[in-house]
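Results of the structural survey
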Protein chains: 2
Amino acid sequence: MSTPLLTLFSHHAQGGLRERLCATLRQAIAGGHLTFGQKVPSTRQLAGDLGLSRVTVEAAYAQLESEGYLQRETGRGTFVAIVMPAQTTHTTPADRPRFSTRGSAVIATGGCQDPPFPHAFAAGSPELRAFPHPLWRRLSASVQRTHGSQLMGYGDPLGYLPLRSAVADYLALSRGMHCRPEQVIILTSSQQALQLLAMMFLDPGDEVWLETPGYPGARNAFLAAGARCRGVPLDDEGAIVQCGAAKLLYLTPSHHYPTGVAMSLPRRLAWLGWAQRHGSWIIEDDYDSEFHYDDRPTPAMQGLDRHGRVITLGTFSKSLFPSLRLAWMVVPPGLAEPLGQARSVMDGHSALMPQAVTAAFLQQGHFASHLRLMRQLYRSRRDLLLAQLRPLSRWLTPITTPGGLQLTVRLKEGEEAALTALAGRNGLTLPRLSPLATDSPAQSGWILGFSALSPGEIAAGCGKLGALFR
Amino acid sequence: MSTPLLTLFSHHAQGGLRERLCATLRQAIAGGHLTFGQKVPSTRQLAGDLGLSRVTVEAAYAQLESEGYLQRETGRGTFVAIVMPAQTTHTTPADRPRFSTRGSAVIATGGCQDPPFPHAFAAGSPELRAFPHPLWRRLSASVQRTHGSQLMGYGDPLGYLPLRSAVADYLALSRGMHCRPEQVIILTSSQQALQLLAMMFLDPGDEVWLETPGYPGARNAFLAAGARCRGVPLDDEGAIVQCGAAKLLYLTPSHHYPTGVAMSLPRRLAWLGWAQRHGSWIIEDDYDSEFHYDDRPTPAMQGLDRHGRVITLGTFSKSLFPSLRLAWMVVPPGLAEPLGQARSVMDGHSALMPQAVTAAFLQQGHFASHLRLMRQLYRSRRDLLLAQLRPLSRWLTPITTPGGLQLTVRLKEGEEAALTALAGRNGLTLPRLSPLATDSPAQSGWILGFSALSPGEIAAGCGKLGALFR
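Counting restarts for each chain: residues are numbered from 1 in the order of the written sequence. Chain letters start at A and ligand numbers start at 1, both assigned in the order the entries are written. Since the coordinates come from a predicted model, pLDDT governs what is reported: local features require at least 70, and pairs of side-chain atoms require 80 or more to be given and counted, while whole-chain, interface and lining totals use all residues. With hydrogens and water set aside, each side-chain value is computed from the structure's full complement of heavy atoms.

1. Looking at the pattern of salt bridges
The criterion, for reference: Within this document, salt bridges are pairs made up of a side-chain nitrogen of Lys or Arg and a carboxyl oxygen of Asp or Glu, the two lying within 4 Å of each other. Strands are runs of DSSP state E lasting at least 2 residues, helices are runs of H or I lasting at least 4, and numbering of each runs from the N terminus.
Taken as a whole, this structure holds 34 salt bridges over all chains when the rule is applied. Of the charged contacts, one joins R228(A) and E207(A) as a salt bridge, the two residues approaching to 3.6 Å between their closest N and O atoms. Within this pair, whereas R228(A) is found in strand β5 (residues 228-232), its partner E207(A) is found in strand β4 (residues 207-211), the two being separated by 21 residues in sequence. Residue R267(B) is joined to E237(B) by a salt bridge in which the shortest nitrogen-to-oxygen separation is 3.9 Å. Taken together, the residues span a long stretch of sequence, with R267(B) in helix α10 (residues 265-278) and E237(B) in the loop between β6 (234-235) and β7 (238-239) at a distance of 30 residues.

This is the structure:
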């Protein structure tokens, strides 16, 4: 038996002997070690070489004959029966693949990689060490016991109805929204919600407006759909109402990302009027509305919408945990059914078990208590971060925010790139503010996530920050 | 206090009193029960009417003032401070929304609703009653204990590395594939894999070829991307090689959907040569290759590909359970990174805990034993179904399949619609064969799922089927 054959066989260490032998021979033929017309060893010889029974080798040859790799000729032996296509001399690491226009647009965004964490100041991570793990496990076990295999099959693309109901109740109570469970769609993430809306509403070249600076995940979803994104500047009442029309407007009214500005009521009404006049959609990203520290957050814009122009979305990634992969979207009546159809073409539906556990967590009141505790925890961390940054006020200016899981700090103009690089060399990965600008001058700064950091970690991070300047 | 206010208040039954009152007043203003300039009841009066303390009402008024709904004028009282946009007389159930070109294409597909099940003969459902629930629960608990909150954060858009490794090992051993863990991408479903590939490779108007009859989920994903789909007819060696070029070819070579034909080796090599000549991509859907009853399935085409033109995908929905939401895709080296970026823009990443449990299930050898048991179970059910259908052979002709979870039966031409309707009236939902045709004459028949049906359920279903004809 040839050395390549022996080597190949030893590499196929798992599985039954017959299957290992089949895999070895297939690979030898595919790899050009055995070529068309070549005689393979007799079953007796191969059995001897490999210490196998002849029955095993016979079975493998028979299978490979049925697959078309080998041909047995009575009295002559067994031969390789197929011609493999010519091997290019160097296995080309493939030509740079040609992507579609949309594909190229997606690549150009650079993707929405969420930060690996915990690492100091990664933005938007909840404190998982404070999560009520035993309670969650108990609920999971109880849901499994009660529902068993009912929750293992296929699900509704719109979501598990008890969760849709629980979310509708929560949003009515906490966010002043008007919605029935039928208007709630459960998705894997707010990113998926944005992708779905971009697919359904945006043609290439359509205009989308979004706050500048603003959330890059949303911009990426719109750019991937071929939309032209235009930045809407803000003042201390939120996004400034613009002249003209856009197909779609993306807003974070209860808490602007990343500065935390809340949009005033007159501004909200003006934007609603604008949407009604132009037949535009407003996507209201209700992100981090669960985490307001000094005041209650203003209710969602959706509660003011009388013309069905507002689509509101939020995620459980921050309020529960990121790997849960659950988010929600509330759509005007009449939109749920077509969006559900589209969702079924995108990826079917969300996993049922996590939906059922989350529904129970909400229905039994644990969500409200968990949020209460997290608000206290995060507020104390924000305050600590602000205090620790005070001595650095010559170099950086925190934008005081009423809530959220991150604090935006401004740097002197032009300093962001060099300071971020310096910080990186000192083991501090700092999310930059400047990439959040859409056709407006980039602001120099960082977005410092504090929620997942213990007091000690905040102090250590600020120590490293301070060292950059001194 | 006006009746509408009382009614509204009683509807806001959850939450703290202050929050209930705020929600009531916001809704009264938004709904036009209280209008701009109107005086609202004094705190004393409202507290009396509702049996609340004045402190609560004071707090609610203060909050609504800070939100801009109310204005308090010393000595005069509290007034509604905002003008709501004019209410259209009938709340239009919104104009029929205008969707994008892609959005309209998605709607036109009718979606990929998976069948609610179990119901007799729903296609493609595994037998969840035979799933090793206690073992899965034990593994879940052990993974939670070992990894805890490490698995609750953000994950890699390409998938959890231990699962990618376990899948690579499994595919090398069982499917004759050549892949390193870095080439494996974990997704929520094969539908998501198709959607991702359509987004990345297809421009509107691009030509996609797929078998006819063929899998409608794939066709829907391509149509949603604006592609032109062309059907490729089959014979008993599988899809017949065509002249000309296509951007992308979708195949089910190990087991054609829905007829079960396995593609011959010469045909595979010919298609690979075609793809290499034209720079086309072949999507190999390795669906149901785990469930072959009479013979081993032929290895995946990917193992024969020397030019990096084949992308292979498969799902755990059938081999484990649908609600798990895990599927895999193996891509040529160099494609994983851009596809991962695109996946991050689509929906981030897959849930980590189910990935870790599935990885353990594979690594510890449970997957192989589970599949062995399921193969025996499903084979006996397929044989029973064939036996039960024999007396109906004057009316329907089963296409004997070497594997899979469903049996395709042919009906006499033109009979499908009327018989399916009749069956529906008798409580039997039968998936039709004809919609699976892409520019070829539609075949009359049904796709009878048997895997999720106990012997008694199969007999009962066949009894109902028989009654249709007699």
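Moving on, there is more to tell.
2. Focus on the packing of helix α12 (residues 352-363) of chain B against helix α13 (residues 366-389) of chain B
Residues and elements named next belong to chain B. What counts here: Fitted lines through C-alpha atoms serve as axes, helices being fitted only where they are in contact, and the angles separating the N-to-C directions of these axes extend from 0 to 180 degrees. Orientation labels follow simple angle bins: below 35 degrees gives roughly parallel, above 145 gives roughly antiparallel, 65 to 115 gives roughly perpendicular, and whatever is left gives oblique. Any two residues having at least one pair of non-hydrogen atoms within 4.5 Å are treated as being in contact. All amino acids are sorted into three groups, where Ala, Val, Leu, Ile, Met, Phe, Trp, Tyr, Cys and Pro are nonpolar, Asp, Glu, Lys and Arg are charged, and the leftover types, Gly among them, are polar.
Running from N to C, α12 and α13 cross one another at 75°; their axes reach a closest spacing of 5 Å. Comparing the axis directions of α12 and α13 gives the class roughly perpendicular. Residues A360, F361 and L362 of α12 touch α13, and the partners they reach there are H366, F367 and H370. Class assignment for the residues of the contact of α12 with α13 results in four nonpolar, two polar and no charged.

3. Concerning the relation of the copies chain A and chain B
Stated formally: Least-squares fitting of one copy onto the other uses the C-alpha atoms of those residues that reach a pLDDT of at least 70 in both copies.
For the pair chain A and chain B, the best superposition has an RMSD of 0.1 Å and corresponds to a rotation of 180° with a translation of 0.0 Å parallel to the axis. Read as a symmetry element, the transformation amounts to a two-fold axis. A symmetric contact is evident, with 98% of the interface residues of chain A recurring at the interface of chain B.

4. Observations regarding the packing of helix α6 (residues 133-147) of chain B against α12(B)
Residue and element names in this part refer to chain B. Condition: When the near helix sits turned anticlockwise from the far one by under a right angle, the crossing is termed left-handed; a clockwise turn instead gives a right-handed crossing.
In contact at an axis separation of 9 Å, α6 and α12 are set at 115° when each is read in the N-to-C sense. In this structure, α6 meets α12 at a crossing whose hand is right-handed. Touching L135, W136, L139, S140, V143 and Q144 of α6 are M353, A356, V357, T358, A360 and F361, all from α12. Considering only residue class, the contact of α6 with α12 consists of nine nonpolar, three polar and no charged.

5. What about the domain arrangement of chain A?
Interfaces are frequently sized by the accessible area removed from exposure as the parts join. Selection rule: Boundary definitions for the domains trace back to an automatic or database domain assignment.
Each assigned domain of chain A is listed with its residue range as follows: domain 1 (3-80), domain 2 (103-114 + 133-365) and domain 3 (369-469). Its C-alpha centre places domain 1 of chain A at a distance of 57 Å from the equivalent point of domain 2 of chain A.

6. Some remarks on the packing of aromatic side chains
Residues and elements named next belong to chain A. Operational definition: For Phe, Tyr and Trp, where Trp contributes only its six-membered ring, two rings pair if their centres lie within 6.5 Å, and the inter-plane angle classes them as stacked under 30 degrees, edge-to-face over 60, or tilted in between. Each residue's exposure class comes from its accessible area (1.4 Å probe, protein chains only) as a fraction of the maximum for that residue type: buried when under 20%, exposed when over 50%, partly exposed otherwise. Any Lys NZ or Arg CZ found within 6 Å of a ring centre and within 35 degrees of that ring's normal is scored as a charge over the ring.
Evaluation of the coordinates by the stated rule reveals 32 aromatic pairs over all chains. A ring pair is formed by W395 and F469, whose centres lie 5.2 Å apart and whose planes are at 15°; its orientation type is stacked. In this pair, W395 is assigned in the loop between α13 (366-389) and β12 (396-398) and F469 in helix α15 (residues 455-469), connecting sequence segments 74 residues apart. A relative accessible area of 17% places W395 in the buried class. In this arrangement the basic side chain of R309 is found over the ring face of W281, its NZ or CZ atom lying 4.1 Å from the centre.

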